[in-house]
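Examining the three-dimensional arrangement
Spelled out, the chains give:
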Amino acid sequence: MGLSDLGLPDLGLSVPDLGLPDLGLSVPDLGLPDLGLSVPDLGLGGVWNWTDDLVRRAKQWAVPAPPPYGPRGIGAAEGSFPVGKEGALHLGSPRGLSVPPAGPSPSAPGSGLVENLILCASGAATALSAAQRPPVQVCADLKAILIENGLLEGGPTLPSDMLLQIEKRERALWQAHVEPTTAGQAVQLMQLACACYSRGDYAGCRALVGPVAMTGHSAEAWLLLGSACYQLGEYLDCVALMKYALAANPGIAEATSNMANALQQLGQVDAAIHMYMKAIEANPQFTDAYNNLAMCLTSKGAPKLALQCYKLVLQVRVDLHVVHHNMAQYWLSQGPAGNELAQQTCALSLHFCPSYAPAWQGLGQALLEMCTSPEQHASLGKEISDCFSRALALDPRMISAYLGMATNHEMLGRFPEAQSLLREAARVDPKNTDALARLANSLIKCGQLDEALEVSRRATLLDPSHVEARNNMGNALRGLGQVSEAQKYYQRCIDLHLTSVNGAGGGSIPYCKDRAFQLPVLYNNLGGTLKLQGKLMEAVACYQKVVQLHPNIAAAHTNLGACQKDLGLHEEAIVAFKKALKIKPDYAEAVCSLFHCHQFICCWENREAHLALMVGVILDFLSRGCLPCVQPFHVIAYPLPSELVLKISRAYASHALTAATIRRTLGPLPPAAPCPRILLPRGRLRIGYVSSDFGNHPLSHLMQSVWSLHDRSRFEIFLYALTPSDSSGYRARAEADADHFMDCSALSDEETAR
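1. Quick look at the sheet that holds strand 3 (residues 685-691)
Backbone-to-backbone hydrogen bonds pair the strands of a sheet. The strands run either parallel or antiparallel. Pairing in this open sheet of three strands is parallel, and the strands run 3-4-5 from one edge to the other. Edge positions in the open sheet fall to strand 3 and strand 5 (740-743), since each of these has one partner strand only. Mean inter-strand twist for the sheet, computed between neighbouring axes without regard to direction, equals 15°. As paired strands, strand 3 and strand 4 (residues 715-721) are joined by seven bridges and run parallel to one another. If you follow Gly 688 over to strand 4, its bridge partner there is Phe 718. Sheet strands in contact with helix 33 (residues 729-737) are strand 4 and strand 5, and its direction is about 130° off that of strand 5.

Right, dumping it as structure tokens:
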């Protein structure tokens, strides 16, 4: 496949080689201000002008070392040239093909599981080395896999508007007039441009190499110029420049791979896959192209094909620590089933490169996700923290390591330490929405709802489509009693999630390991707010969606059953509670709710055993200082000791006071003073009734005549409904019998109190 397959006509240029491989020189004074170059703005993101300061800076950075490119062009697959955007000089992968800076090799932390994993990696590396195959065979196998999956059918062209933009840049390049540089100046300018690139000064690199590319037309100069444009986010320019590089030397696999990288960034994933395969065919030993292709397949939503690509490239070269790390990310995405393999592949990455920060972070994450109980966290907590600490020591700006270490602290109950780390992550990268969302989540867990709301708002301003940040907004608002507002945020989260899954807008869909779990959580939260507002049928629909998406979670069935119970559907609720207990026999909420439902329908089968189980659950909750999952009003009807009923009531009273204080509905309350007898004021005494049961509910059945029997000459009656109307006759009578009836279902607790 040639460039014409993408709608890009081959230029067919014949350009002499400048002999750039002989660059190992010191850099004398170039006298660049005397070159007199006048370069117009070519629409390539900047003007190609150099200054004394730029040259002086580049000279300081330049070293008389072998150039970071070989006969094939800049950025050979085995290069060791760390640059910006975590890509090798030929661009590498947007997620990471850089080689870490030289430094001491950290030893494995601790003396337990991590050390054993890294020791065992040596044997695994030996086995992988024995499985090496000729690169040509590996390339053929990869192409066959892509063809089998329909990924190389035809030759996808670029959109017409994109082609027009690329051609516009090509014309601007070709029409530009610059003074020619001598061969000696070109070599020295390339040396300085490489020095700028290596230090992350991509604009400086572009200014220095631009005239060399335009006057000498060497493939290496085009390649370096295109790489600088890529790092500056000028992806269309990169495509145009790589086209010139390939016209000058069609055999440069790096240029083809660079073009694929830019096309992927432009959303042209199918075209990128074709170009990556073309780069591999041009050079079957070009391992970076395999890695980039694998990540392109992941972004297309084909992670299993990406895994096959990773496995194949390791048959070409086994010591690719980045590939081992990327494989570990795949295994992590598979949940518990892939956790052990994730640990092993991270250990392999560290075996080959102990100073690779992402592998330390990945290993810490794998160990963290392996822990499913407080005992496991207590046992592995130090080793997990050590892994994340190693990652941060190597890369102090690695936000994912901050987040992982914060999660580890939370699992160990150390919330202040977790929040300190999350605040530091937000300081290091103020625009990182993941760090802000995680901080808001931690604040919500600690009841710091106002600050959580403010942090969540910052995150959503930075990224309006960030689902976790909007979900946190809903959680904070719900905690503050603003239930109807919370409902809007949960619904918006679901809409965003479904839009991303369906691919609205035509963009590529990134593979998300949390996607399968995230949507049930959102439906569950939405169902909770609907239930609080009395919209029970809508809540049941949400909970049924949760059960459909995640049938093996006990809480999902329990929430569905609780809502069905409130609707009076006790038999359906009992079925749901029993399903929950089949999944998790000691699930406290299901144990108590099932006993309550049996009581409602007078089912006394195994009553004593069920009662004993429920009492044990309640005592366990009270002993841990947790709120029991049975309400004081309900336990009055249970055959429980009065002392236990009192403890449950006190626990709920304490919880209500704490919640009111957090929401600032109330300040800290002093002990109640004895209430003196108060004489009735002149006029009528105002009496208010606050309830969520002004409808078809036993409370209304029993109280329906009370409100109308008050002596209206002495009393003025107010009814405050906390739930919307159920359109029943009971609701209608309550509204008619009161002097004042107010529907507060859409108000927060504070608004209702006022």
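Once the structure has been displayed, the description carries forward.
2. Comments concerning a nonpolar patch on the surface
Residues Met 537, Leu 567 and Leu 569 make up a contiguous nonpolar surface patch of roughly 260 Å² in combined accessible area. By secondary structure assignment, the location of Met 537 is in helix 24 (residues 536-549).

3. Considerations on the side chain of His 409
Its location among the elements puts His 409 in helix 17 (residues 399-411). When near neighbours in sequence (up to four residues on either side) are disregarded, His 409 contacts Arg 414, Glu 417, Ala 418 and Leu 421.

4. Describing the nonpolar core
The biggest cluster of nonpolar side chains holds 89 residues, and the ones touching the most others in it are Leu 142, Leu 146, Trp 222, Ile 273, Tyr 290 and Leu 293. For this core, the leading source of residues is helix 8 (residues 235-248), giving eleven residues. Those residues within four positions of Leu 142 in sequence are excluded, and the remaining contacts are Met 277, Ile 280, Tyr 290, Leu 293, Cys 309 and Leu 312. Counting residues in hydrophobic clusters, the runner-up holds 77 residues, among them Trp 360, Leu 368, Leu 421 and Cys 493.

5. Let's talk about the pattern of salt bridges
Per the stated rule, a full pass over the model turns up 19 salt bridges. A salt bridge links Arg 206 to Glu 234, with the shortest nitrogen-to-oxygen separation between them at 2.9 Å. In this pair, Arg 206 is assigned in helix 6 (residues 202-216) and Glu 234 in the loop between helix 7 (219-231) and helix 8, connecting sequence segments 28 residues apart. Owing to a relative accessible area of 15%, Glu 234 belongs among the buried residues under this scheme. Across the pair Lys 488 and Glu 485 runs a salt bridge whose closest N-O atoms are separated by 3.0 Å. Of this pair, Lys 488 and Glu 485 both sit in helix 22 (residues 483-502), three residues apart, which is roughly one turn of that helix. Assessed through its relative accessible area of 53%, Lys 488 is described here as exposed. Here the salt bridges do not stand alone but share partners, grouping Lys 531, Lys 565 and Asp 566 into one network.

6. Looking at the packing of aromatic side chains
For the structure on display, the rule yields nine aromatic pairs. Pairing Tyr 197 with Tyr 202 gives two aromatic rings, centres 5.1 Å apart and planes at 75°, and the pair type is edge-to-face. Residue Tyr 202 is classed as buried on the basis of its relative accessible area, which comes to 9%. Taken together, the ring pairs connect Tyr 689, Phe 694, Trp 707 and Phe 741 into an aromatic cluster. Sitting above the plane of the Phe 621 ring, Arg 624 keeps its charged end 5.1 Å from the centroid.

7. Focus on the environment of Asp 495
Mapped onto the elements, Asp 495 comes out in helix 22. Taking relative accessible area as the criterion, Asp 495 reaches 33% and is therefore assigned partly exposed. When the C-alpha positions of Asp 495 and Ser 465 are compared, they lie 9.9 Å apart, and in sequence the two are 30 residues distant.

Conventions we followed
- Residues numbered from 1 in each chain as written.
- Predicted model: local features only at pLDDT ≥ 70, side-chain atom pairs only at ≥ 80, totals over all residues.
- Heavy atoms only, no water.
- Pairing = 2+ DSSP bridges.
- Helix = DSSP H or I, 4+ residues; strand = E, 2+ residues; numbered from the N terminus.
- Axes fitted to C-alpha atoms, helices over the stretch in contact; angles between N-to-C directions.
- Contact = heavy atoms within 4.5 Å.
- Patch = residues over 30% accessible without salt bridge, like charges linked within 9 Å, V, L, I, M, F, W, Y side chains within 5 Å.
- Areas by Shrake-Rupley, 256 points an atom, 1.4 Å probe, with all protein chains shown as cover.
- Salt bridge = Lys/Arg side-chain N within 4 Å of Asp/Glu carboxyl O.
- Core = buried A, V, L, I, M, F, W, Y, C linked by side-chain atoms within 4.5 Å.
- Buried < 20%, exposed > 50% of the residue type's maximum accessible area, 1.4 Å probe, protein only.
- Phe/Tyr/Trp six-rings, centres within 6.5 Å; stacked < 30°, edge-to-face > 60°.
- Lys NZ or Arg CZ within 6 Å of the ring centre and 35° of its normal.

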